[in-house]
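# Descriptive structure summary
Okay, here's what each chain looks like letter by letter:
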Amino acid sequence: MKLPNVLLLAVGTALFILPVSLGLLGTWLPALGYLPGMSDGLSSQPLLAVLAHPSTWTSVKLSVSSALFVTVCSLVFSQWLCMNLYHRRIWPLLKHSIAPLLAIPHLAFAIGLVFLISPSGWLMRLLSPGITGFDIPPDWLIVNDNYALSLSIGLFLKETPFLLLMSLAAMSRFDHGKTLQIAATLKYSHRQAWRKLIFPQMYAQLRLPLFAVLSYSLSVVDVSTVLGPNTPATFAVLIHQWFNHTDISYRLLGAVGASMLLLIVVGLIAVFYAAELVVKKTTQNWLVAGPKISPKSSGFEVVLAKLSLTIMIAVTLLCIAALAVWSFSRLWRFPDALPTLWSVEYWQKSWQQLLEPLQNTAIIGVSSALIAVFICVLVLEWQSKRSQLPRGGWWIWVIYLPILVPQVSFLFGIQVLMVRFHLEGTLASVIWVHILFVFPYAYLTLAQVYLQFDARYLQQGAILCQSKWRAFVYIKIPMLFKPLAFSGAIAFAVSVAQYLPTLYVGAGRVNTVTLESVVLAGGSDSRISAVFALWQFILPLVVYIAALVIPQFVYRNRRGL
Amino acid sequence: MLAQDKKIFTLNKLQLYHREQALFPPVSVQLQAGELLVVMGPSGCGKSSLLAAIAGTLAPELSISGSICLAGQSLQALPIERRGIGLQYQHDLLFPHLDVGGNLLFAVPRGANQQRQNAVAQALISADLAGFAQRDVATLSGGQRARVSLLRTLLAKPKLLLLDEPFSRLDADLRQDFRSFVFEQIAAMSIPALLVSHDPQDCPANHYYALAEGKMMTLEKL
Amino acid sequence: MLRTAHPVKSITQLHTLLALTLTLFSGSLYAGQDKNLASDWQKTLEEARGQTVYFNAWGGSQTINAYIQWAAAEVKKQYQVEVKQVKITDTGDVVSRILAEKSANRLQGGSVDLVWVNGENFKAMKDNGLLAKPFTHKLPNYALVDTENKPSTRYDFTTPVDNLEAPWGMAQLVFMYDTKRLKVPPTDMLSLLATLQQNKGRFSYPALPNFYGTSFVKQALLELIDDPTLLNKPVIEADFVRVSAPLWAYLDALHPLLWRKGASFPKSAEQMKQLLNDSELFISLTFNPNDASNAIANDELPATVRTYVHKNGSLGNTHFVAIPFNANAAAGAQVFANFLMSTQAKLRKATRAIWGDPTVLSMDKLSVEQRAAFASLERGVATLTTAQLGKVLLEPHSSWVSALEKEWIKRYAN
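All values derive from a computational prediction rather than experimental measurement.

## Looking at the overall build of chain B
Along chain B, the regular secondary structure elements total five helices and 11 strands. For 222 residues, the compact-globule formula gives about 17 Å, and the C-alpha radius of gyration of chain B, at 18 Å, lands near that figure. Counting the 222 residues in chain B, one finds 48% classified as buried. Of all intrachain contacts in chain B linking residues separated by at least 6 positions in sequence, the fraction that spans at least 24 positions is 68%. On chain B, roughly 10,700 Å² of surface is accessible, and the fraction owed to carbon and sulfur atoms is 50%. Charge centroids of chain B, computed over 20 positive and 19 negative side chains, lie 6 Å from each other.

This is how it looks when you write it as structure tokens:
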């Protein structure tokens, strides 16, 4: 058993620590003024230039405030939904809506949101001119507002389902049902019990996913370009602009910015830890202050929660619908509620153009998902055999590293590294970099169920099959087929949505549906943007459905699974 | 014969159904303060569902007929938190984010802080756990956890105690210890208790209620 | 965000004379070497056979992508060269990648064989030694390019091209407006201000450093500055504030009248086109004089959209294709670049339904039939004639771009 452990550790290091740290190094050196072929020798010039840049501080403020907004609001909102809707009739809807909501790539969602809520968007078209009296769109600043509100709301709508999924996983870690019953017999209302017992137990599991949301909101580029402000843009976009500035010396500023962004992420994580401590300290007495006979029930809040969930799902569906209508339109002028001319030509054209990108996306998505799930199983097997390792050990951070560190902070370095070793531009290296980002999510969705697997099944199986290995293949894997498939589907969706890693490591040669969509989202034709955004959504959706339907079909006569 | 009003807890022709199908014959039992009734039966006969029906946590697909009365009040219409019932599972369900004292204090009804603290301290003494208040529950032994868990249930001052196989997770010698602890506490609290089990050793007296048969039975002495 | 590759710019007066001399000189040189060139070209063709050329080109327009697809199929048929378009959002990405390759000391086998480029990106590549040796003079079709009358084919945003990139198309800054919303278009920057007073919020320009945004600001500077000849020289920092003062005064007055009151700007000219289609804007801008006609044909813009230019001239430039220093398939890239300059490719490119991009070729150098073919090309409903397009304004010295960008960001994006 010794060798496999060492092996796993080595694999983990090679997969996660090494690339991230080398990537970081490859970004930090230019930040200090060292970029061979451009500027040799260390200098503080780039740092000073960034600090003196007129956009820097506003931009950082915008990024920090929107990231905090997104993180805090999606946490509070997801918890509030769970608390109010738990075991209500709407609960299954919440559970089942998470996967499809997650399947929608951020960018597609953002484009759809613009089609929906901008002054010339679908909502305004539906209300005009009848209700609003507008026959031209009003000049209202809705998207791209200077406080990054529309960006924050867009991200909030996308991150909430993720935290809901993580909350469900966290809830399955302890017997929340019985805990609530016990609390009720101790005369606590459902809401009190949730706040005092369920949430504190869940938060320990939610901490890392929450930091992933924080880091993502701080470093997102594509969504921020679509929904975010531009006078100035958020910090990640500004960094991206510097990396692509026509004046090559701006690359050094980009490197400084990328390093600063990492510091900001680390700083905010520290703030969250501090806040957690403060909250723990100040709520100590409140937690054990005893049950309070509360007025009858909180019917109003439950109704509000139901309404919010419905609105959240409806907005998302409307975004998709707006994309769908645009994709089939030929002529759709303001204020017509629907296109005056319809057409399938953009779908037909896209199909010819997408054969190769679709193939690439499928190959990369399927291989990275399969490999990631396979490594997950290895890690989890190893983990389930070592009960002495606490579940929240340091190595959890290792797994999370690629999604905690902002992508822009190390992708530039990774690109230099790949180029150095002639590895860029191949399918294999793109798959590799995708695994880096896909694995944490696969692990997140699988770990809980996997570790709870009742080892007695396996012991029984080993006796019956007379081989541990065969018991594993014939008993454990089939019994865990559903969660394995789900985790694979999440992994696939994450892979499909990767933009910067594909671009940097694929050297533009490995074309995927997402690369095409980002390029065309920047184009002038709404109809084509819509078609490509939908393509980006269709692939993960198909895989999600497959992950749901296939296990159900295979085990259609096995209710126990 | 005891007077009728001393029968604090009564089940009258209680039956549970799953799609019109009764799980067990009608149950009619009466308990007085300090009395413990052991309910036994093969697994799947509805023992836990019976407790759930009394506690108010019955799964929605099951329906009830008959009546449940505690201290002269029908329980069926009341929500769990107003039934005044203590519930003890085989799993101790201690809250890991609170220390031992916190877990106990959690159950103590609101009141003056000093009084609440005293109640906890006294409870700990009664369980030979004096000085354990600041301990992290994760550091307790299985037997200690079980006792803290029962103390917590009792500190809420329930009018009826329901125990769902509370000993099944413990080792044989711990089980004996904890069993006598439970019986002592019930007697001290002077409340009726209903204990579901499939272990004949859990019966302090030599009779029990056989759920599948629908009547009281006597243990066959081995 | 989008710094598109296509449009570029013209040249300074100062350079014109110099350029003319240079061309004459090099022209005579070529004549003497015709035979050598022909056999060299044969070698290139042989070398190119079977190569795969990764052509990194802005991919935001389906029309253009389709044209590139067609051209790729043609060179495959005619020269057995495989061309794959690497669709990019930003030419800066490509420059970054080549730079990364240079930092990693990758002197051959680079990931980019040909890149659609101009202006600042070209200058960056040239200054940092990211380009292959001069090659355009070896391309047979280069002889057809109108280097004499289109000086911007030799001076890319005032940077001497030095045969490092092959001209691909011409561009001129024109405005598109919806006649349904706006009866009389502005004729210069000042009347634009007046027009917007009547139509508040119905025009904007992309936030700098977007290429179109920078171009609009340069156009404004050219129109507003007292002495435009100052712009031909490198910017003098000490003098910049004083010289550019009329521009900032103008923008300060303009911004409250812009879309979203200047609190937010469109991301790109492409987005502005969408906004024009949605009637959020009444006026948009483009570097392709055929843009409006194409978009109308495509139902991408209302049929009521027309084109106008400012009366005292507008910025014009050329866009190019260049080969990086470490291209893996340099020969194939040359063959493709040569094909892109062929009359066959140019005729198709200039066709309104296909792309409608003005040609870089000189009509005088074409055969009678070829000339007739170009002459018979249908002009779109919203396309101005060459006469209507008017004067092409000279690009300011390239140092002005970063100075303007910095000042703009300091004033409006902090």
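## Remarks on the sheet that holds strand β9 (residues 193–197) of chain B
Residue and element names in this part refer to chain B. Ordered in space as β7-β8-β9-β4-β10-β11, the six strands form an open sheet in which the pairing is mixed. If you trace the sheet from one side to the other, it starts and ends with β7 (85–88) and β11 (215–218), each paired once. Averaged over neighbouring strand pairs, the angle between their axes works out to 25 degrees when direction is ignored. Those strands touched by helix α4 (residues 142–155) are β7 and β8 (160–164), and its axis lies near 165 degrees from that of β7. Along the sheet face, helix α5 (residues 172–189) touches β4 (36–40), β8 and β9 and points at about 165 degrees away from the line of β8.

## Re the interface of chain A and chain B
Listed as interface residues are 23 residues of chain A and, on the opposing side, 25 residues of chain B. Summing both partners gives a buried area of about 2,300 Å² for chain A against chain B, and 66% of it is carried by carbon and sulfur. When the buried surface of chain A facing chain B is broken down by residue, Thr185, Leu186 and Val288 of chain A rank first, second and third, together holding 25% of it. Applying the counting rule to chain A against chain B returns zero salt bridges. Summed over the shared surface of chain A and chain B, the result is eight residue pairs in polar contact (both at pLDDT 80 or more). Where the side of chain A that touches chain B is concerned, the elements lending two or more residues are α8 (176–185) and α9 (190–219) of chain A.

## Side note on the packing of helix α4 (residues 91–103) of chain A against helix α23 (residues 526–554) of chain A
Residue and element names in this part refer to chain A. One can describe the packing of α4 onto α23 by two numbers: an axis separation of 8 Å at closest approach and a directional angle of 145 degrees. Between α4 and α23, the contacting residues are Ala99, Pro100, Leu102 and Ala103 on the first element and Phe537, Pro540, Leu541 and Tyr544 on the second. In the contact of α4 with α23, the residues fall into eight nonpolar, no polar and no charged.

## With respect to helix α9 (residues 269–277) of chain C
Since the α-helix packs 3.6 residues into each turn, any two residues three or four apart lie on the same face. Taking burial as the measure, the nine residues of α9 of chain C include nine buried ones, the bulk of the element. Looking at the residues trailing α9 of chain C, positive phi occurs at Ser279 of chain C, about 65 degrees.

## Describing the interface of chain C and chain A
At the junction of the two partners, chain C supplies 76 residues and chain A supplies 71 residues. Inspection of the chain C/chain A interface yields five salt bridges. Between Arg125 of chain A and Asp278 of chain C there is a salt bridge, with the nearest N and O atoms lying 2.9 Å from each other. Broken down by secondary-structure element, the contributors of at least two residues to the side of chain C that touches chain A are α3 (62–79), β2 (82–88), α4 (91–103), α5 (119–127), α9 and α15 (399–412) of chain C. Taken together, the residues that form the side of chain C that touches chain A break down as 26 nonpolar, 25 polar and 25 charged.

## Overview of the pairing of strand β6 (residues 165–172) of chain C
All names here are of chain C. With eight of eight residues buried, β6 lies mostly within the body of the structure. Direction of pairing for β6 relative to strand β10 (residues 314–322): antiparallel, over a ladder of seven bridges. Bridge pairing links Glu165 to Ala322 in β10.

## Overview of the arrangement of the chains
In this assembly, two pairs of chains are in contact, and the pair with the greatest number of contacts comprises chains A and C. One thing to see here is that chain B and chain C don't touch, and their nearest C-alpha atoms sit 46 Å from each other.

## Focus on the environment of Glu35 of chain B
Residues and elements named next belong to chain B. Structurally, Glu35 can be placed in the loop between β3 (27–32) and β4. By relative accessible area, Glu35 is classed as partly exposed at 26%. The sequence separation of Glu35 and Ala187 amounts to 152 residues, and the corresponding C-alpha distance is 7.7 Å. Other than its neighbours up to four places away in sequence, Glu35 contacts Gln30, Ile191, Pro192 and Ala193. A polar contact is formed between the side chain of Glu35 and the backbone nitrogen of Gln32, at a distance of 2.8 Å.

## Structural notes on the domain arrangement of chain A
All names here are of chain A. Domain boundaries assigned for chain A yield domain 1 (1–36 + 349–561) and domain 2 (72–239 + 274–343). The C-alpha centroid of domain 2 is placed 25 Å from the C-alpha centroid of domain 1. The interface is formed by 34 residues belonging to domain 1 together with 31 residues belonging to domain 2. Summed over both partners, the interface of domain 1 with domain 2 buries about 2,800 Å², with 77% contributed by carbon and sulfur atoms. One can count zero salt bridges joining domain 1 with domain 2. Across the domain 1-domain 2 interface, the total number found is three residue pairs in polar contact (both at pLDDT 80 or more). Contributing elements (two or more residues each) for the side of domain 1 that touches domain 2: α15 (394–404), α16 (407–420), α17 (427–452), α20 (481–497), α22 (513–521) and α23. In terms of residue count, α23 provides more of the side of domain 1 that touches domain 2 than any other element does, 11 residues in total.

## Quick notes on the packing of helix α3 (residues 56–85) of chain A against helix α12 (residues 250–287) of chain A
Residues and elements named next belong to chain A. For the pair α3 and α12, interaxial distance at closest approach is 12 Å and the crossing angle is 40 degrees. It follows from the interaxial angle that α3 and α12 lie oblique. As for the relative orientation of α3 and α12, their crossing is right-handed in sense. Here Thr56, Trp57, Val60, Val64, Leu68, Thr71 and Val72 of α3 come into contact with α12, specifically with Met260, Ile264, Leu268 and Phe272. When grouped by side-chain class, the residues that make up the contact of α3 with α12 number nine nonpolar, two polar and no charged.

## Section: the side chain of Ser284 of chain C
Mapped onto the elements of the fold, Ser284 of chain C is located in strand β8 (residues 283–286). Judged by relative accessible area, Ser284 of chain C falls into the buried class, the value being 0%.

## Digging into the side chain of Thr153 of chain C
Along the chain, the position of Thr153 of chain C falls in the loop between α5 and β4 (155–156). Setting aside chain neighbours within four positions, we find Thr153 of chain C in contact with Val145, Asp146, Thr147, Val161, Pro167, Met170, Thr318 and Phe320 of chain C.

## Topic: the nonpolar core
Of all hydrophobic cores here, the largest spans 280 residues; its most connected members are Phe439 and Tyr443 of chain A together with Ile54 of chain B. Per element, the largest residue contribution to this core is 16 residues, and it comes from α17 of chain A. If we ignore the near neighbours within four places in the chain, the residues touching Ile54 of chain B are Phe9, Leu11, Ile68, Leu75, Arg83, Ile85, Leu160, Leu162 and Leu194 of chain B. Ala171, Leu182, Leu251 and Ala413 of chain C belong to the second-largest nonpolar core, a separate cluster that totals 54 residues.

## Some words on the sheet that holds strand β7 (residues 174–178) of chain C
Residues and elements named next belong to chain C. Taking strand neighbours across the sheet as the criterion, the three strands line up as β8-β7-β9 in an open arrangement whose pairing is antiparallel. Edge positions in the open sheet fall to β8 and β9 (305–308), since each of these has one partner strand only. When the angles between neighbouring strand axes are averaged without regard to direction, this sheet yields 30 degrees. Summarising the sheet, β7 and β8 pair through four bridges and their orientation is antiparallel.

## Thoughts on the environment of Phe77 of chain A
Residues and elements named next belong to chain A. Tracing the sequence through the fold places Phe77 in helix α3. On the basis of relative accessibility, which here comes to 15%, the residue Phe77 falls in the buried class. Spatially, the C-alpha atom of Phe77 lies 9.4 Å from that of Leu163, the residues being 86 residues apart in sequence. Dropping the residues within four chain positions of it, Phe77 is found in contact with Phe156, Thr160, Ser308 and Met312.

## A word on the pattern of salt bridges
This model, assessed by the stated rule, comprises 30 salt bridges over all chains. What you see here is one network of salt bridges that share partners, running through Arg330, Glu345 and Lys349 of chain A together with Asp299 of chain C.

## Points about the confidence of the model for chain B
All names here are of chain B. For chain B, the mean per-residue pLDDT works out to 86, and 96% of the residues sit at or above 70. Model confidence for chain B, summarised as mean pLDDT per element, is weakest for β11 at 84 and strongest for helix α2 (residues 100–107) at 93. Two summary scores accompany this predicted model of the complex, namely pTM at 0.88 and ipTM at 0.89.

## So, the packing of aromatic side chains
The final tally for this structure, using the stated rule, is 49 aromatic pairs over all chains. Ring geometry for Trp248 of chain C versus Tyr412 of chain C: centroids 6.4 Å apart, planes at 50 degrees, classification tilted. Here Tyr412 of chain C lies in helix α15 and Trp248 of chain C lies in helix α8 (residues 237–254), a separation of 164 residues in the sequence. Classification of Trp248 of chain C by relative accessible area gives buried; the value is 3%. Judged by relative accessible area, Tyr412 of chain C falls into the buried class, the value being 16%. Grouping aromatic residues by their ring pairs yields a cluster made of Phe175, Tyr177, Phe203, Tyr205, Phe216, Trp248, Phe265, Tyr308, Trp408 and Tyr412 of chain C. The ring of Trp332 of chain A has Arg125 of chain A lying over it, and the distance from NZ or CZ to the ring centre is 4.9 Å. Across the ring face of Trp286 of chain A, the terminal group of Lys196 of chain A is positioned such that the distance to the ring centre comes to 5.0 Å.

Criteria and thresholds
Residues numbered from 1 in each chain as written. Chains lettered and ligands numbered in written order. Predicted model: local features only at pLDDT ≥ 70, side-chain atom pairs only at ≥ 80, totals over all residues. Heavy atoms only, no water. Helix = DSSP H or I, 4+ residues; strand = E, 2+ residues; numbered from the N terminus. Rg over C-alpha atoms; globule rule 2.2 N^0.38 Å. Buried < 20%, exposed > 50% of the residue type's maximum accessible area, 1.4 Å probe, protein only. Contact = heavy atoms within 4.5 Å. Areas by Shrake-Rupley, 256 points an atom, 1.4 Å probe, with all protein chains shown as cover. Lys, Arg positive; Asp, Glu negative; His and termini not counted. Charge placed at Lys NZ, Arg CZ, Asp CG, Glu CD. Pairing = 2+ DSSP bridges. Axes fitted to C-alpha atoms, helices over the stretch in contact; angles between N-to-C directions. Buried area = accessible area lost by both parts, 1.4 Å probe. Salt bridge = Lys/Arg side-chain N within 4 Å of Asp/Glu carboxyl O. Polar contact = N/O pair within 3.5 Å; in protein donor to acceptor, adjacent residues only side chain to side chain. Nonpolar A, V, L, I, M, F, W, Y, C, P; charged D, E, K, R; others polar. Domains from an automatic or database assignment. Parallel < 35°, antiparallel > 145°, perpendicular 65-115°, else oblique. Left-handed = near helix turned anticlockwise from the far one by under 90°. Core = buried A, V, L, I, M, F, W, Y, C linked by side-chain atoms within 4.5 Å. pLDDT = per-residue confidence, 0-100. Phe/Tyr/Trp six-rings, centres within 6.5 Å; stacked < 30°, edge-to-face > 60°. Lys NZ or Arg CZ within 6 Å of the ring centre and 35° of its normal.

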